[in-house]
Amino acid sequence: MNERRALGFGLSAVLLWSTVATAFKLTLAEFTPIQMLTVASIVSAVALMAICAAQGKLSQISSTFFSNPWYYLLLGLINPLAYYLILFKAYDLLPASQAQAINYSWAITLTLMAALFLGQKIRTQDWAACVFSYLGVVVIATKGDVLGLSFDSPMGVALALISTLLWAGYWILNTKNKADPIVGVLLGFIVAIPFAIALTVYEGESWARISRQGWLAVTYVGLFEMGITFVLWLSALKQTNNTARISNLIFASPFISLMLLSTIIGEEIHPTTLFGLILIITGLVIQQLKWDKPKLTSTRSS
């Protein structure tokens with residue numbers, strides 16, 4: 001294994017994911033969430049199709065889908081369709097720093113859902129991780145008014161939390177997926193695109209006002225949130241002998257993202273957002289203190 005190469009892939013993925021919250025906000029300035037989902041999904045599908053072609057996997061696409069069409073239809077409706085539509089709407093309603101930090105609690109949600117649906121045991125440290133992480137969510141959502149539970153956008157907070165349920169549910173369903181992971185993700189986009197286009201037509205969205213900057217931003221989201229970065233992350237995990245070390249790189253992503261939001265789009269980062277994010281990260285670190293039992297894991301955070 002080439003550890004230096006794996007580290008390079010991992011760092012590249014983390015740095016790219018760190019930029020997507022900023023890209024989300026720039027895109028949402030001109031696109032509605034459903035427009036953004038539609039275009040970004042098409043870009044992602046094209047990018048993943050090109051990668052599959054380069055790797056000689058195009059022949060697997062139709063055979064994989066028709067081996068279990070209802071299963072892949074369900075996966076595609078969950079992610080990217082429902083997950084990203086809800087996540088983009090949360091970003092539309094909340095400051096990006098808040099939406100991103102709340103969404104980052106998906107790993108804790110995954111632990112709880114794995115216990116519920118897969119029968120996995122929740123350890124004492126998992127419960128402690130839940131307390132820290134969801135306290136962090138409340139701190140961020142209320143801007144520190146934990147006792148008053150005053151939310152600037154209750155709907156935005158609810159959508160951000162629902163997105164964690166969808167993402168965790170998607171990866172639980174994926175535990176039974178034996179297909180090539182890149183092909184599996186591509187099939188999700190192929191399934192979702194017709195539904196996204198239909199929703200866009202139904203809503204009667206206008207495309208005339210979108211600038212060149214808007215098109216560049218949504219293309220960037222499609223490439224580096226939904227598409228190529230996923231392949232970089234998989235490559236890093238595949239080439240390393242130390243999965244934990246590579247996986248821990250992701251902890252840097254939300255903090256880099258906050259710096260980019262502040263410097264590029266000038267978003268004010270509320271002190272409680274940083275404090276709440278530290279609580280969430282603390283929970284995630286507590287969750288990973290022991291590696292004596294296999295844990296259900298995913299590939300990313302938004």
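A short tour of the structure in this document, coming up. Fair warning: this is a prediction, and the values are worked out from it, not measured in the lab.

Conventions and cut-offs
- Residues numbered from 1 in each chain as written.
- Predicted model: local features only at pLDDT ≥ 70, side-chain atom pairs only at ≥ 80, totals over all residues.
- Heavy atoms only, no water.
- Helix = DSSP H or I, 4+ residues; strand = E, 2+ residues; numbered from the N terminus.
- Rg over C-alpha atoms; globule rule 2.2 N^0.38 Å.
- Contact = heavy atoms within 4.5 Å.
- Areas by Shrake-Rupley, 256 points an atom, 1.4 Å probe, with all protein chains shown as cover.
- Lys, Arg positive; Asp, Glu negative; His and termini not counted.
- Charge placed at Lys NZ, Arg CZ, Asp CG, Glu CD.
- Buried < 20%, exposed > 50% of the residue type's maximum accessible area, 1.4 Å probe, protein only.
- Expected span 1.5 Å × (residues − 1).
- Bend = angle between axes of the 7 residues up to and from the residue.
- Polar contact = N/O pair within 3.5 Å; in protein donor to acceptor, adjacent residues only side chain to side chain.
- Salt bridge = Lys/Arg side-chain N within 4 Å of Asp/Glu carboxyl O.

### Comments concerning the overall build of the chain
For the chain, the count of helices and strands is 14 helices and zero strands. Counting from the amino terminus, helix and strand elements in the chain follow one another as α-α-α-α-α-α-α-α-α-α-α-α-α-α. Taking 19 Å as the expected radius of gyration for a compact globule of 302 residues, we find that the chain reaches 19 Å, a close match to that expectation. Restricting the contact set of the chain to residue pairs at least 6 apart, pairs at least 24 apart contribute 87%. Approximately 13500 Å² of the chain is accessible, and the part contributed by carbon and sulfur atoms is 67%. Charge-centre separation for the chain: the mean point of 18 positive side chains lies 13 Å from the mean point of 13 negative side chains.

### Side note on the side chain of Thr229
Mapped onto the secondary structure, Thr229 falls in helix H11 (residues 228-239). Residue classification places Thr229 among the buried residues on the basis of a relative accessible area of 0%. When sequence neighbours within four positions are dropped, the list of residues in contact with Thr229 reads Ala13, Leu16, Trp17, Leu223 and Phe224.

### Here's the deal with helix H9 (residues 181-203)
When the terminal C-alpha atoms of H9 are compared, their 33 Å separation across 23 residues agrees well with the 33 Å that a helix rising 1.5 Å per residue should span. Ala192 marks the point of greatest bend in H9, at about 30°, and the proline Pro194 comes within the next four residues. N-capping of H9 is provided by Asp180, with a side-chain oxygen placed 3.0 Å from the backbone N of Ile182. Looking one or two residues beyond H9, the residue adopting positive phi is Gly204, at roughly 65°.

### Overview of unusual backbone geometry
Looking along the chain, the bond that leaves Asn79 and enters Pro80 is cis, with omega of 20°. Tracing the sequence through the fold places Pro80 in helix H4 (residues 69-93).

### Here we look at the pattern of salt bridges
As a working rule, side chains carrying opposite charge can pair if their charged atoms are close by. The final tally for this structure, using the stated rule, is three salt bridges. Two residues, Asp92 and Lys89, come together in a salt bridge whose shortest N-O distance is 3.9 Å. Here the residue Asp92 and the residue Lys89 both occupy positions in helix H4, the gap between them amounting to three residues, near one helical turn. Asp92 sits in the partly exposed class, given a relative accessible area of 34%. A residue is classified by how much of its surface remains accessible, and Lys89, at 34% relative accessible area, is partly exposed. Notably, a salt bridge pairs Asp126 with Arg123, separated by 3.1 Å at the nearest N-O pair. For Asp126, a relative accessible area of 0% gives the class buried.

### Some details on H11
Counted at 1.5 Å a residue, the expected span for H11 with its 12 residues is 16 Å, and the 17 Å between its end C-alpha atoms agrees. Regarding H11, the residues found buried are Thr229, Phe230, Val231, Leu232, Trp233, Leu234, Ala236 and Gln239.

Function-wise, these values are silent; they only describe arrangement.
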